[in-house]
2 protein chains.
Amino acid sequence: MTSEHWELQTYLNERIKLIDRALDHYLPAADTLPSRLHAAMRYSIFAGGKRIRPILLLAACEAVGGDLHRALPAACAVEMIHGYSLIHDDLPAMDDDDLRRGKPTNHKIYGEATAILAGDGLLTEAFILLSNPEMWVDTDPEQSRKIIHILAKSAGSRGMVGGQVVDMECEEKLVDLPTLEYIHTHKTGALILASIEMGAVIGGATADQQRALCRFGEAAGLAFQVADDILDIVADETELGKDVGSDSQRGKATYPSLLGLQGARQQAAELQQLAISALDVFDESAQPLREIANYIVERSF
Amino acid sequence: MTSEHWELQTYLNERIKLIDRALDHYLPAADTLPSRLHAAMRYSIFAGGKRIRPILLLAACEAVGGDLHRALPAACAVEMIHGYSLIHDDLPAMDDDDLRRGKPTNHKIYGEATAILAGDGLLTEAFILLSNPEMWVDTDPEQSRKIIHILAKSAGSRGMVGGQVVDMECEEKLVDLPTLEYIHTHKTGALILASIEMGAVIGGATADQQRALCRFGEAAGLAFQVADDILDIVADETELGKDVGSDSQRGKATYPSLLGLQGARQQAAELQQLAISALDVFDESAQPLREIANYIVERSF
C-alpha cells in the first residue's frame with residue numbers, strides 16, 4: 001500500500017469514529033422506553049458500515065471552508081436514513097436477506113414487526129434531529145428547512161424509495177441500461193448526492209461551488225453503485241459480508257451483466273474521471289473528496 | 001338527529017372535502033414515476049377515513065384566530081403520517097388485517113413489499129411537504145422548523161412508533177391500566193396532540209392558549225381511543241369496516257376489558273369533560289373543537 005492510501009485510510013477511520021460518537025449521542029439511548037425498539041434501531045446503525053454518506057457530507061462542507069462540527073447532525077441524519085433503508089430492504093417481503101455486513105439482519109434478531117418499526121423509527125429520527133433547535137444554534141433558521149427538504153426529497157418516493165420500487169419491479173426481467181441507471185441514480189445515487197448537497201449548504205457554498213459539488217455527487221454516486229455491482233461478482237464472501245453474486249442470483253440486472261465485467265470497469269473509471277474533474281474549481285480543500293472518489297472505484301479493481 | 005348534530009356533520013363534511021382536495025394537490029400525482037408506488041400511496045390516503053387529525057389541526061388554528069389555509073400543508077402532513085402508520089400496522093408481520101374501513105388493506109392490493117415502501121414514501125412525503133418553501137411564504141422560517149419538530153417527535157420511537165411496539169409486545173399478556181394508557185397516549189394520542197399543537201403554533205397561539213389547547217388535545221386523544229375500544233365491542237361490522245371485536249380476539253387489552261363496558265364509558269365521559277373544560281379560556285372560536293370532542297365520545301354511546 002502506498003503512503004497515500006494509508007493516509008486516506010487513517011482519515012476514513014478517524015471520520016468513522018467521529019460519526020459513530022455523534023450517532024451514539026444523537027440516537028435515543030438503548031434504555032429509553034421502549035428499550036427493545038431503541039436497541040433494534042441502534043443494532044443496525046452500529047452493525048458496521050463504511051459511513052460513506054456522512055463522510056462525503058462532512059468532506060463537502062470542508063471543501064467549501066465550512067466547520068465540520070456544524071455538519072455532524074446532518075451527517076448522522078443521512079446515516080439514519082441509510083440505516084432504515086437497509087433494514088426495510090432486508091425484510092422477508094423485500095430482499096429477504098439473513099446477513100448484512102456479515103451479521104444477522106435486523107429482522108433475524110428482533111423479528112419482522114420490530115424491524116419494520118425500527119426502520120420507521122430511524123427514518124423519523126432523522127427529521128427529529130434535523131428539526132431540533134439545539135442543532136442549529138447561531139444559524140439562519142432557513143438553513144434547517146433547506147437541509148430537511150434536500151434530505152426528505154432524496155429519500156422519498158421520487159428518490160430512494162422510488163428507486164427501490166423500480167428495482168423490485170425489474171427482478172427477473174430484462175432491463176436496459178437507462179432503466180438500470182434510473183434504479184441506481186434513485187436507489188443509491190439520490191442519497192449520496194443529497195449528502196454532498198447538504199454538506200455544501202451547511203458549509204456556505206457559493207452557487208458555483210454548489211453546482212460543482214452536485215456534478216461530483218452525481219458521478220460519484222453512480223460510480224459507487226457500478227463498483228458495488230462489480231464487487232458483488234468478484235469479492236469473496238468474507239470481504240463483502242453477504243452472499244457473493246447474490247444480486248445476479250436474484251435475477252437482478254447489474255452493470256457487469258449489461259456491460260460485461262470489463263465494460264463495467266470502464267464505466268466506473270469514466271465516472272471516476274467525471275467526478276474528479278468536477279472538483280477542478282477547488283484547491284487542496286477538496287482533496288479528501290478526490291481521494292474518496294478514487295477509493296470508491298478502485299476498491300472494485 | 002338534532003340540528004346541532006346536523007351542523008357538526010355539515011362542518012365535518014366540508015372540512016373533509018377541503019382536506020381531501022389539498023391532499024390530492026400535495027401528493028405526487030398517480031402518474032408520477034414510479035406510478036405503482038404513487039398509486040399505492042394514494043390508495044390508502046383516499047380509502048376513506050374521518051380526517052379527524054387534520055380537522056382538529058385546522059380547528060385549533062382557527063380557535064386562536066389563525067387562517068386555516070395556512071395550516072392546510074400541516075393538516076395534510078399529519079394525515080400522511082396517519083396513513084403510513086395504518087399501512088404498516090395492517091401488514092402480515094404486524095396486525096395482519098385484510099380489511100380497513102371496509103376495503104382491502106394496502107398489501108392485499110399492492111403486495112407486501114410495495115405496501116412497506118408506500119408507507120415509507122408517505123412518512124417521508126410529510127416532511128417533503130413541510131419543508132417545501134412554497135408552503136411557508138411570508139412566514140417566519142423558524143415556524144417550519146418548529147412544526148416539523150412537533151410532528152416528527154410525535155410520530156417517532158418515543159411517540160407513535162413506540163406506542164405501536166409496546167402494543168405488540170403486550171398482545172396475549174395481562175396488561176394493567178398504566179400500560180394501556182402508555183400504549184394509547186403514544187400510539188394514537190401523540191399524533192392527535194401534535195395536530196392540535198401544530199394548529200395552535202400556525203395560528204399564532206399565545207403561551208396560555210397553547211397550554212389550554214394541549215390539555216384539550218391530551219384529553220381528547222385519550223377519549224378518542226377509549227371510544228374506539230368501546231366501538232370495537234358494540235358497533236356492527238358494516239359500520240366499522242373491520243371485524244367486530246377484532247382487538248379482543250387478538251388478545252389485546254382494551255378499556256372495556258379492563259374497566260368493563262360501563263367503566264369505559266364513564267372514563268370516556270370524564271375525558272370528554274376534561275377536554276371541554278380545557279377550552280374555558282376560549283369563546284365561540286373553539287366551538288368546533290368542543291363539538292368534535294363531544295362527537296368523538298358520543299358516537300360510542
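Summary of the structure given here. All values reported here derive from a predicted model rather than from experimental measurement. (Residues numbered from 1 in each chain as written. Chains lettered and ligands numbered in written order. Predicted model: local features only at pLDDT ≥ 70, side-chain atom pairs only at ≥ 80, totals over all residues.)

### Brief notes about the relation of the copies chain A and chain B
Relative to chain B, chain A is turned by 180° and slid 0.0 Å along the rotation axis, the superposed coordinates differing by an RMSD of 0.0 Å. A rotation of that kind, with that shift, is consistent with a two-fold axis. Comparing interface residues between copies, 100% of those in chain A also lie at the interface in chain B; the contact surface is shared. (Least-squares fit on C-alpha atoms with pLDDT ≥ 70 in both. Contact = placed C-beta atoms within 7 Å.)

### Observations regarding the nonpolar core
One finds A:L57, A:L151, A:A223, B:L57, B:L151 and B:A223 to be the most contacted residues of the largest nonpolar core, which totals 195 residues. Setting aside its immediate chain neighbours within four residues, A:L151 contacts A:A77, A:V78, A:I81, A:A126, A:L130, A:A194 and A:M198. (Core = buried A, V, L, I, M, F, W, Y, C linked by C-beta atoms within 7 Å. Buried ≥ 20, exposed ≤ 12 C-beta atoms within 10 Å, placed from the backbone.)

### Some points on the environment of A:E171
Here A:E171 is to be found in the loop between α8 (160-169) and α9 (177-203). For the pair A:E171 and A:L259, spaced 88 residues apart in the sequence, the C-alpha separation amounts to 18 Å. (Helix = DSSP H or I, 4+ residues; strand = E, 2+ residues; numbered from the N terminus.)

### Here we look at the interface of chain A and chain B
Each partner contributes residues to the interface: chain A has 45 residues there, and chain B has 45 residues. Looking at the side of chain A that touches chain B, the elements with two or more residues in it are α2 (35-45), α6 (112-130), α7 (141-155) and α8 of chain A. Here the side of chain A that touches chain B takes twelve residues from α6(A), the largest share from any one element. A breakdown of the residues in the side of chain A that touches chain B according to their chemical character gives 23 nonpolar, 14 polar and eight charged. (Nonpolar A, V, L, I, M, F, W, Y, C, P; charged D, E, K, R; others polar.)

### What to know about helix α4 (residues 72-90) of chain B
For α4(B), spanning 19 residues, the distance from its first C-alpha to its last is 27 Å, which sits close to the expected 27 Å at 1.5 Å a residue. Of all 19 residues in α4(B), 19 are buried, a share of seventy percent or more. (Expected span 1.5 Å × (residues − 1).)

### Remarks on helix α14 (residues 287-298) of chain B
Residues and elements named next belong to chain B. The terminal C-alpha atoms of α14 lie 16 Å apart, and with twelve residues this matches the ideal 16 Å at 1.5 Å per residue to within 8%. Within α14, burial applies to P288, L289, I292, A293, I296 and V297. Down the axis of α14, the buried side of the element spans an arc of 165°, and every buried residue falls inside it. (Arc of directions from axis to C-beta.)

### Concerning unusual backbone geometry
Of all residues except glycine, most have a negative phi; of all peptide bonds, most are trans. Residues and elements named next belong to chain A. In this structure, P34 follows L33 across a cis peptide bond, with omega equal to -5°. Locating P34 in the fold gives a position in the loop between α1 (3-26) and α2. Unlike most non-glycine residues, D138 shows phi in positive territory, near 60°. With respect to the element layout, D138 can be found in the loop between α6 and α7.

### Focus on the environment of B:I276
Residue and element names in this part refer to chain B. Within the element layout of this structure, I276 appears in helix α13 (residues 255-278). For the pair formed by I276 and R215, sequence separation is 61 residues and the distance between their alpha carbons is 9.7 Å. Here I276 is in contact with R290 and A293, once residues within four sequence places are set aside.

All quantities given are derived from atomic positions and should not be read as evidence of function.
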